[in-house]
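Chains, contacts and geometry: an overview
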Amino acid sequence: MTVSLADDLIAGPSGPVPLRRYEPAAVRPGSPTLLWLHGGGFFRGDLDLPESDAVARALAARGVPVVTVDYRLSPLPGMPWAARRGPRARTPFPLAHREVLAAYRAVSEAASDGVVLGGASAGACLAAAAALAASGTPASDDLPAPVGAFLAYGFFHSRTPRVPAITRTVRGHRRLTHAPWALDTANRAHARTGDARADPRAFPGGHPLDAFPRTLLVDAEHDTMRASGERFAAELTAAGVQVERHVLAGSRHAFLNRPGTPDSTHAIDLASEWLATHGPDAPSP
């Protein structure tokens, strides 16, 4: 299916926020719009990253309208002085969160069939925090509630859960960069103080989730972050949220950054099927 792309700017809390809109030639009837956020540990990534662009193209080709967000990046872990200059300078929490909510508000105004918030890795954390805020926890400034959340290999807790059985599966792949202490360092660069890291707008895990929308989680088997995904899924289930979760056997973190691979294709197929049944008229759990 033909997909049309258009770059856009919306008014944000600290200047314009870049968006990219992916419009299918024929929108699948009743399909919500997916607001999609790339990963990158909060400190890297852009709209051209495969995890952003390729995912959006693939889902739009299946009839799903998608909007991606070039949210504000955080300072580099361990190097707060190495800030990008100019109007899009690296800035810690809460600016990325506020920019995502600004994008969500703008997209919601034009989405007749509702909005699903989604993202991968750090983008999944940002999407989950925005979904929680837009659902009224904390105060959402009367934002419309999202109709769902699609979260791929995300982490949702300020301190990475230590699960040795999961950590051992990461041997030979991101063993150092994805060690729990390294992930925690990136989290501290994103949210610099203890109070900030305890804020549900930074890390929604461990907070009340009763208002959270129905959720699809797709995790990688060989991924340190799977420990946070498992805990977050359990927290959602305990809160009464309708959760569908898949752990792709043999997969590794960031498989959506490798378009065309079996893991990436499988995840896109799962998301497409799930989105087809999660518009505003979907039955409540």
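Relevant structure appears above.
Rules of the game
Residues numbered from 1 in each chain as written. Predicted model: local features only at pLDDT ≥ 70, side-chain atom pairs only at ≥ 80, totals over all residues. Heavy atoms only, no water. Helix = DSSP H or I, 4+ residues; strand = E, 2+ residues; numbered from the N terminus. Buried < 20%, exposed > 50% of the residue type's maximum accessible area, 1.4 Å probe, protein only. Contact = heavy atoms within 4.5 Å. Areas by Shrake-Rupley, 256 points an atom, 1.4 Å probe, with all protein chains shown as cover. Lys, Arg positive; Asp, Glu negative; His and termini not counted. Charge placed at Lys NZ, Arg CZ, Asp CG, Glu CD. Phe/Tyr/Trp six-rings, centres within 6.5 Å; stacked < 30°, edge-to-face > 60°. Axes fitted to C-alpha atoms, helices over the stretch in contact; angles between N-to-C directions. Left-handed = near helix turned anticlockwise from the far one by under 90°. Nonpolar A, V, L, I, M, F, W, Y, C, P; charged D, E, K, R; others polar. Pairing = 2+ DSSP bridges. Parallel < 35°, antiparallel > 145°, perpendicular 65-115°, else oblique. Polar contact = N/O pair within 3.5 Å; in protein donor to acceptor, adjacent residues only side chain to side chain. Right-handed = clockwise from strand over helix to strand, strands pointing away.

What follows is about the overall build of the protein chain. Of regular secondary structure, the protein chain possesses eight helices and eight strands. The C-alpha extent of the protein chain, read off along each of the three principal axes, is 45 × 45 × 35 Å. Looking at the protein chain residue by residue over its 285 residues, the buried ones come to 54%. Once local pairs closer than 6 in sequence are excluded, the contacts in the protein chain between residues at least 24 apart make up 76%. Roughly 11400 Å² of accessible area belongs to the protein chain as shown, and the carbon and sulfur atoms make up 53% of that amount. Charged side chains of the protein chain number 29 positive and 27 negative; the gap between the two group centres comes to 9 Å.

Turning next to the packing of aromatic side chains. In the structure shown here, the tally under the stated rule is six aromatic pairs. Between Trp-36 and Phe-150, the aromatic rings sit 5.2 Å apart at their centres with planes inclined by 25°, giving stacked as the arrangement. Of this pair, Trp-36 sits in strand E3 (residues 33-37) while Phe-150 sits in strand E6 (residues 148-152), and the two are 114 residues apart along the sequence. What makes Trp-36 buried here is its relative accessible area of 0%. Classification of Phe-150 by relative accessible area gives buried; the value is 2%. Both rings, one in Phe-42 and one in Phe-155, keep their centres 5.6 Å apart while their planes meet at 85°; by these two values the pair is edge-to-face.

Once that is clear, we can look at the packing of helix H2 (residues 95-110) against helix H3 (residues 122-134). In contact at an axis separation of 10 Å, H2 and H3 are set at 60° when each is read in the N-to-C sense. Between H2 and H3 lies a crossing whose hand is right-handed. Residues Ala-96, His-97, Val-100, Leu-101 and Tyr-104 of H2 form the contact with H3, whose own contacting residues are Leu-126, Ala-129, Ala-130, Ala-133 and Ala-134. Class assignment of the residues belonging to the contact of H2 with H3 gives a composition of nine nonpolar, one polar and no charged.

Turning to the pairing of strand E5 (residues 115-120), a few remarks are in order. In terms of residue burial, E5 counts as a mostly covered element, since six of its six residues are buried. Pairing of E3 with E5 involves five bridges; the strand directions are parallel. When the bridges of E5 are listed, Trp-36 appears paired with Gly-118. Relative to E6, E5 runs parallel, the two sharing five bridges. Paired with Ala-120 across the bridge in E6 is Ala-152.

Where helix H1 (residues 50-60) contacts helix H8 (residues 262-276), the two axes come as close as 10 Å, and the packing angle between them is 50°. In this view, H1 runs oblique relative to H8, as classed from their interaxial angle. When you trace H1 past H8, the crossing you get is right-handed. Contacts between H1 and H8 pair Val-55, Ala-58 and Leu-59 from the former with Ile-268, Ala-271, Ser-272 and Leu-275 from the latter.

On the secondary structure map, Thr-215 appears in strand E7 (residues 215-222). Separated by 68 residues in sequence, Thr-215 and Val-147 place their C-alpha atoms 9.2 Å apart. A polar atom in the side chain of Thr-215 sits 2.8 Å from the backbone oxygen of Pro-213.

Bringing H1 into the picture now. Along H1, the residues classified as buried are Glu-51, Ser-52, Asp-53, Val-55, Ala-56, Leu-59 and Ala-60. In this structure, the buried residues of H1 make contact with strand E1 (3-12), strand E2 (15-24), E3, strand E4 (66-69), E5 and H8.

With that settled, consider the pairing of strand E8 (residues 243-252). Taken together, the seven bridges between E7 and E8 define a ladder with parallel strand orientation. Pairing of Leu-216 across the sheet is with Glu-244, part of E8. Handedness of the E7-helix H7 (residues 226-238)-E8 crossover: right-handed.

By themselves, these are just geometric observations and shouldn't be taken as functional.
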